[in-house]
Amino acid sequence: MTILIKGARPYGEDAVDVLVSDGVIAAIGEDLSTTAETVDAGGLVLLPGLVDLHTHLREPGREDTETVLTGSRAAALGGYTAVHAMANTDPVADTAGVVEQVWRLGSDAGLVDVVPVGAVTVGLGGERLAELGAMADSAARVRVFSDDGKCVADPALMRRALEYTKALDGVVAQHAEEPRLTVGAQMHEGERSARLGLTGWPAVAEEAIIARDVLLAEHVGARLHVCHVSTAGSVELIRWAKSRGVQVTAEVTPHHLLLTDAQAEGYDATFKVNPPLRTAEDVAALRGGLADGTIDAVATDHAPHAAEDKECEWSAARPGMLGLEQALSVVVDTMVDTGLMTWREVADRMSVRPAAIGRLAGHGRPLEVGEPANLVLVDPGARAVVDPVALASKSRNSPYAGRELPARVVHVLLRGELSVRDGKVQK
Ligand SMILES: [Zn+2]
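Keep in mind that this is a model prediction, so the values were computed, not measured. Residue numbering note: each chain is counted from 1, following its sequence as written. Owing to the predicted nature of the model, reporting of local features is limited to residues with pLDDT of at least 70; listing and counting of side-chain atom pairs is limited to 80 or more, with chain, interface and lining totals taken over all residues. Water and hydrogen atoms play no part in the side-chain values, which are based on all heavy atoms of the structure.

A word on the domain arrangement of the protein. Domain delimitation in this document rests on an assignment produced automatically or drawn from a domain database. Each assigned domain of the protein is listed with its residue range as follows: domain 1 (2-45 + 371-425) and domain 2 (49-358). A straight line from the C-alpha centre of domain 1 to that of domain 2 covers 26 Å. A 1.4 Å probe defines the accessible area here, and the buried area is the portion of it lost by two parts on being joined, summed over both. Between domain 1 and domain 2, the buried area comes to about 3,200 Å², and carbon and sulfur atoms account for 63% of it. When the area that domain 1 buries against domain 2 is broken down by residue, the three leading residues are Lys394, Asn397 and Tyr400, summing to 21%. Salt bridges are defined as contacts in which a side-chain nitrogen from Lys or Arg sits within 4 Å of a carboxyl oxygen from Asp or Glu. Linking domain 1 to domain 2 there are 2 salt bridges.

Within the secondary structure layout, Glu371 lies in the loop between α11 (343-357) and β16 (375-385). For the exposure calls, accessible area comes from a 1.4 Å probe over protein chains only, and a residue counts as buried if that area is under 20% of its type's maximum, exposed if over 50%, partly exposed in between. Owing to a relative accessible area of 12%, Glu371 belongs among the buried residues under this scheme. Here a polar contact is taken to be a pair of N or O atoms separated by no more than 3.5 Å, where protein atoms must pair a possible hydrogen donor with a possible acceptor and residues adjacent in sequence count only if both atoms sit in side chains. Here Arg365 takes part through its side chain, which lies 2.9 Å from a polar atom of the side chain of Glu371. By the convention used here, residues are in contact when the closest approach between their heavy atoms is within 4.5 Å. For Glu371, the residues in contact, after removing those within four places along its chain, are Val24, Ile25, Arg365 and Pro366. Segments assigned H or I by DSSP are reported as helices when at least four residues long, segments assigned E as strands when at least two residues long, and all are numbered from the N terminus.

For the rest of this paragraph, the subject is the environment of Ser138. With respect to the secondary-structure elements, Ser138 resides in the loop between α3 (132-137) and β9 (144-145). For Ser138 and Thr95, which are 43 residues apart along the polypeptide, the C-alpha to C-alpha distance reads 9.3 Å. Not counting chain neighbours up to four residues away, the residues in contact with Ser138 comprise Ala96, Val99 and Glu100. At 2.8 Å, the side chain of Ser138 and the backbone oxygen of Met135 are in polar contact.

In this section: the sheet that holds β9. To summarise the sheet geometry, strands pair through backbone hydrogen bonds and adopt either a parallel or an antiparallel arrangement. Paired strands are those between which DSSP finds at least two bridges. Spatial strand order, β9-β10-β13-β14-β15: 5 strands in an open sheet with parallel pairing. Among the strands making up the open sheet, the edge pair consists of β9 and β15 (297-298). Where strand β14 (residues 248-252) and β15 come together, 2 bridges link them in parallel fashion. Bridge assignment links Val252 to a residue of β15, and that residue is Val298. Sheet strands in contact with helix α4 (residues 155-167) are β9, β10 (171-174) and β13 (224-226), and its direction is about 140° off that of β10. Helix axes are fitted only over the stretch in contact, all axes being lines through C-alpha atoms; the angle between N-to-C directions runs from 0 to 180 degrees.

Here is the structure:
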């Protein structure tokens, strides 16, 4: 299959034509021509396909809220060509059998590469290590291990997990939350939580685990990845650890780059999330950390939930928000349109580095001849109001409902074939 992309702007720079053939970039130049299919990309920004380190696809177990197929559609529409599917499914993805099941479902859907994350501990129980080696050796080739939703709180167990994943060239992705400090927590701990009468989730509960884990990673000589960093103090700790040479990487979510704890004022549980939305000072520090590379990646923490688990009293609601379809728009809004990051840096934080952290071959590659044609074309000038009813996700818990955001994903290619064309999924 051959496709000629006419007039695209790689990383937002000068327009070129890009010829894609047999799954790879076959030529880049001016005035290329072909007898094959042509895609008019005049004015569109061309980036490597986005890679998400943190997606909840809910299958197996909660197919009423998302499936691998509906989540793959949402991911493709968001500009992604690969997503990591978190392990907190039912059953938990803690064996070779479950990760292979998720991997096969992704392969059958065929819209993005669905990369299963393996659980660190059996059943996310935090007591015994799962079969990390068997998951790494499976057809799913698991390299990212996480109990996300829960923290690997026991330091001895965390140390052993780091030792095992080091031997597997893998990484532990830690949900940093000291559980003894967040019992009953509902929102960011501060003046606002006190006034609203909601139990606080203090910044120190995240920072204490990050401080411990970067020291453990240094001691073991292993890689550590920190999920959804949410506080200014966490950014400082990671900056310090990197300056010491610790092999630590970190991600931030789109919602933590845009929204603050002020969203809790209306008690609309759409805005309940774990870790919680923080202060404007934290948002500024997260943007700064992403811009200077202290935070390596944007990861969605896409977390679909049923209406009955969100349209209820705040304290009874489940934490989590949709993210896949609006992630790039939020990053453009908060980082590009503000002058904090270039398009090349967007490619770095949303494709290159997450692919490297996940050890994904074929993703996050340079826009060069011979490289796999995993590509996204974005209209930077388009603006649209987010309508949750129009989303491809099976759930509707978008924190961006009614918000106008910039940038529209127009076309996406997975290994040289259009998974999204003119903003429409092709399967
Ligand atoms: Zn988490």
